[in-house]
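# A look at the structure
Spelled out, the chains give:
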Amino acid sequence: IVSLAFPVVGVLGVAGAIGVVNRLWLPITDGVDPAVVRLVGSIGIVVYVVCAIVAVLDISTRERIRRSRSANGSEAGWQHFERAAAEQLARAQRAGQASSVVWLELDDVTEIRQTVGSTALSQLTERFQAAVRDVFPAEAEVGAPNAARAVVVVPRPDAAIRELIRTVLLEISQLDLDGRIAVQPSASAGWAPTSTSGYDLGSLLYFSREAAALARENGGDRWERVGPAVVERLLSGPGRP
């Protein structure tokens with residue numbers, strides 16, 4: 001409203017200065033006092049600045065609250081996943097049941113954000129998480145260390161895990177946001193079976209993450225199983241336990 005009032009006040013001021021208002025609208029306005037024009041302009045500037053400050057503070061405060069709630073929710077969700085996954089692995093170990101941890105992460109996240117923006121990336125990560133949950137069976141435990149990553153604990157034999165990984169990578173490659181993403185989405189997967197990595201959740205997460213990193217380094221849109229190549233990478237690189 002103040003923005004719209006500024007040009008009106010300016011026009012009235014100019015018209016009053018050249019006598020147009022006095023000649024045409026004298027019966028109605030009886031002239032425009034320049035002091036009134038200056039006063040209205042000063043008040044308008046103050047109101048405008050105050051409104052702008054309030055709007056900026058409100059937006060930034062809402063964004064901080066949203067991010068804080070999102071971070072707290074993600075942290076709580078990940079802690080819940082860790083507890084549930086550890087319990088599932090303990091049951092599998094007691095029963096001598098084969099199980100695996102699959103680490104999945106979207107490729108080229110930085111490039112996608114720079115190309116299409118954070119909003120489109122957020123929508124893509126939501127569909128990525130949904131695709132992971134849709135592909136893996138109901139008894140699998142699914143967690144998300146962050147929006148662009150997913151971790152799955154699956155109590156299935158190796159042959160079934162292999163097919164599940166192939167299916168989920170295919171589903172992710174077919175994700176679409178109504179043509180808003182110029183590049184084709186893809187993901188890298190790391191597979192750590194209990195037959196080679198044991199039943200400790202921390203070790204399985206570490207090995208599967210490094211296997212996913214190796215898959216990403218080899219071009220992405222592929223999976224790597226924990227084996228000699230992953231061990232060699234761990235011995236030759238710094239690693240992040």
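For every chain, the first residue of the written sequence is number 1, and numbering continues from 1 along that sequence. Confidence filtering applies because this is a predicted model: local features only for residues at pLDDT of at least 70, side-chain atom pairs given and counted only at 80 or more, and all residues used for totals across whole chains, interfaces and linings. The side-chain values count all of the structure's non-hydrogen atoms but skip hydrogen atoms and water molecules.

On to the side chain of Ser186, then. Secondary structure is summarised from DSSP: a helix means a run of H or I of at least four residues, a strand means a run of E of at least two, and numbering begins at the N terminus for each. By the element assignment, Ser186 lies in the loop between α7 (158-173) and β4 (187-193). Two N or O atoms form a polar contact when they lie within 3.5 Å of each other; inside protein one atom must be a possible hydrogen donor and the other a possible acceptor, and for residues adjacent in sequence the pair counts only when both atoms belong to side chains. Separated by 2.7 Å, the side chains of Ser186 and Asp107 make a polar contact. Look past the residues within four positions of Ser186 in its chain and what remains in contact with it is Glu105, Leu106, Asp107, Ile172 and Asp221. By the convention used here, residues are in contact when the closest approach between their heavy atoms is within 4.5 Å.

This next bit is on helix α9 (residues 201-217). The terminal C-alpha atoms of α9, which comprises 17 residues, lie 24 Å apart, in line with the 24 Å expected from a rise of 1.5 Å per residue. Accessibility here uses a 1.4 Å probe with only protein chains present; expressed as a share of the type maximum, an area under 20% marks a residue as buried, one over 50% as exposed, and anything in between as partly exposed. Where α9 is concerned, the buried positions are Leu201, Leu204, Leu205, Ser208, Arg209, Glu210, Ala211, Ala212, Ala213, Leu214 and Ala215. For α9, the capping residue at the N-terminal end is Asp200, with a side-chain oxygen 3.3 Å from the backbone nitrogen of Gly202. In the segment just after α9, Gly219 is the residue with positive phi, at about 120°. How far a helix is expected to stretch is found by multiplying one less than its residue total by 1.5 Å.

Right, let's talk about the pairing of strand β3 (residues 149-154) for a bit. Within β3, five of the six residues are buried, which leaves it mostly tucked inside the rest of the structure. Only when DSSP finds a minimum of two bridges between them are two strands counted as paired. Sheet analysis places strand β2 (residues 141-143) next to β3, joined by three bridges and oriented antiparallel. Pairing of Gly143 across the sheet is with Val151, part of β3. Here β2 hands over to β3 after five residues, the two strands then running antiparallel side by side.

You can read pLDDT as the predictor saying how much it trusts each residue, on a scale of 0 to 100. For the protein chain, per-residue confidence averages 80 on the pLDDT scale, and 66% of positions sit at 70 or higher. Below pLDDT 50 for its whole length, residues 26-31 participates in six contacts with residues either more than four positions away or in separate chains. Segment residues 59-73 is flagged for pLDDT under 50; beyond a separation of four residues in sequence, or across chains, it makes zero contacts in the model.

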